[in-house]
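# Remarks on the overall topology
One letter stands for each residue in the lines below.
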Amino acid sequence: MNEADRDGNEKPPKTHRKEKMLRTGVDIVKIERIRRAISRYDATARARKRFLARLYTEAELRYCRDRAESLAARFAAKEAIAKALGTGAWRDGIRWIDLEIVSDARGAPSVQLHGAAARRAQSLGLNNWSVSLSHDDEQAIAFVVALGEPAQPLSSG
Ligand SMILES: CC(C)(COP(=O)(O)OP(=O)(O)OC[C@H]1O[C@@H](n2cnc3c(N)ncnc32)[C@H](O)[C@@H]1OP(=O)(O)O)[C@@H](O)C(=O)NCCC(=O)NCCS
């Protein structure tokens, strides 16, 4: 016989219940660190462009322009996503540009995963992402939440 909840409603058998999963990631970045990293590549416009293109997608660079605080917040967000994806994330061939922060017309950010990052999220069953960014004069912070259902049932009993 199936279990009943506190109101006496019958619950579906455990084997058919969908296991939910929640993962979080957070990271904080000194804006100056990003500013310094960029200026190290200032020698030629090409070197700088190549460095930025390794970290950020074209759309991210278009949105951030030269705002180091926004670039730092996105760097923090990429680290936060990596945490939510698990510690092995960088070893799985995930590139920085596979972790994209897309900003809508009002400036609200969201997560878009590509390539190896999308595959890793899919294998973990994480299909719903949310991100929030904040920055002051010195630091940028990103907080990420990922929701989903494990691809493999956690248990049958
Ligand atoms: C969005 C808002 C709350 C940002 O607050 P703030 O203290 O000025 O700035 P913070 O440093 O904390 O946050 C900046 C980040 O907020 C995010 N942001 C901007 N607009 C946003 C929105 N509508 N919803 C969610 N996040 C938003 C951006 O990622 C931004 O960083 P970015 O420019 O590098 O992308 C503020 O601009 C605001 O009040 N906007 C109008 C009202 C609004 O749309 N609020 C949304 C929540 S209801």
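Read on for a plain summary of the structure. All figures in this text were calculated on a predicted structure; none of them were measured in a lab.

Definitions and limits used
Residues numbered from 1 in each chain as written. Predicted model: local features only at pLDDT ≥ 70, side-chain atom pairs only at ≥ 80, totals over all residues. Helix = DSSP H or I, 4+ residues; strand = E, 2+ residues; numbered from the N terminus. Buried ≥ 20, exposed ≤ 12 C-beta atoms within 10 Å, placed from the backbone. Contact = placed C-beta atoms within 7 Å. Near = placed C-beta within 6 Å. Nonpolar A, V, L, I, M, F, W, Y, C, P; charged D, E, K, R; others polar. Core = buried A, V, L, I, M, F, W, Y, C linked by C-beta atoms within 7 Å. Arc of directions from axis to C-beta. Expected span 1.5 Å × (residues − 1). Axes fitted to C-alpha atoms, helices over the stretch in contact; angles between N-to-C directions. Parallel < 35°, antiparallel > 145°, perpendicular 65-115°, else oblique.

## Overview of the overall build of the chain
Looking only at helices and strands, one finds five helices and five strands in the chain. When the helices and strands of the chain are placed in sequence order, the string is β-α-α-α-α-β-β-α-β-β. Residue burial in the chain is summarised as follows: out of 157 residues, 26% are buried. Pairs at least 24 residues apart make up 61% of the contacts formed inside the chain by residues separated by at least 6 positions.

## Comments concerning the site of the ligand
Taken together, Ser70, Ala73, Ser103, Arg106, Gly107, Ala108, Pro109, Leu133, Ser134 and His135 make up the full set of residues near the ligand. Within the residue set of the shell around the ligand, elements represented by two or more residues are α4 (68-85) and β4 (126-135). Per-element tally for the shell around the ligand: the top contributor is β4, with three residues. Across the shell around the ligand, the residue classes break down as four nonpolar, five polar and one charged.

## Some words on the nonpolar core
Grouped together as the largest cluster of nonpolar side chains are 30 residues, with contacts concentrated most on Ala72, Ala76, Ala77, Ile81, Ala142 and Val144. Elements with a minimum of two residues in this core: α1 (31-40), α4, β2 (99-103), β3 (109-113), α5 (115-124), β4 and β5 (139-148). Per-element tally for this core: the top contributor is α4, with 12 residues. Not counting residues within four places of it along the chain, the set of residues in contact with Ala72 comprises Val29, Ile31, Ile34, His135 and Ala140.

## Observations concerning α5
For α5, the set of buried residues is Ala117, Arg120 and Ala121. Mapping the buried residues of α5 onto a view down its axis gives an arc of 100 degrees, with all of them on the same face. A positive backbone phi angle near 85 degrees is found at Gly125, which sits one or two residues after α5.

## What about α4?
The terminal C-alpha atoms of α4, which comprises 18 residues, lie 25 Å apart, in line with the 26 Å expected from a rise of 1.5 Å per residue. When you tally the buried positions in α4, you get 16 out of 18 residues, the bulk of the element. Phi turns positive one or two residues past the end of α4, at Gly86, with a value near 110 degrees.

## Digging into the packing of α1 against α4
Packing of α1 against α4 leaves a shortest axis separation of 9 Å and a crossing angle of 105 degrees. Considering their axes alone, α1 and α4 lie roughly perpendicular with respect to each other. Residues Ile31, Ile34 and Arg35 of α1 pack against Ala68, Glu69, Leu71, Ala72 and Phe75 of α4. Taken together, the residues that form the contact of α1 with α4 break down as six nonpolar, no polar and two charged.

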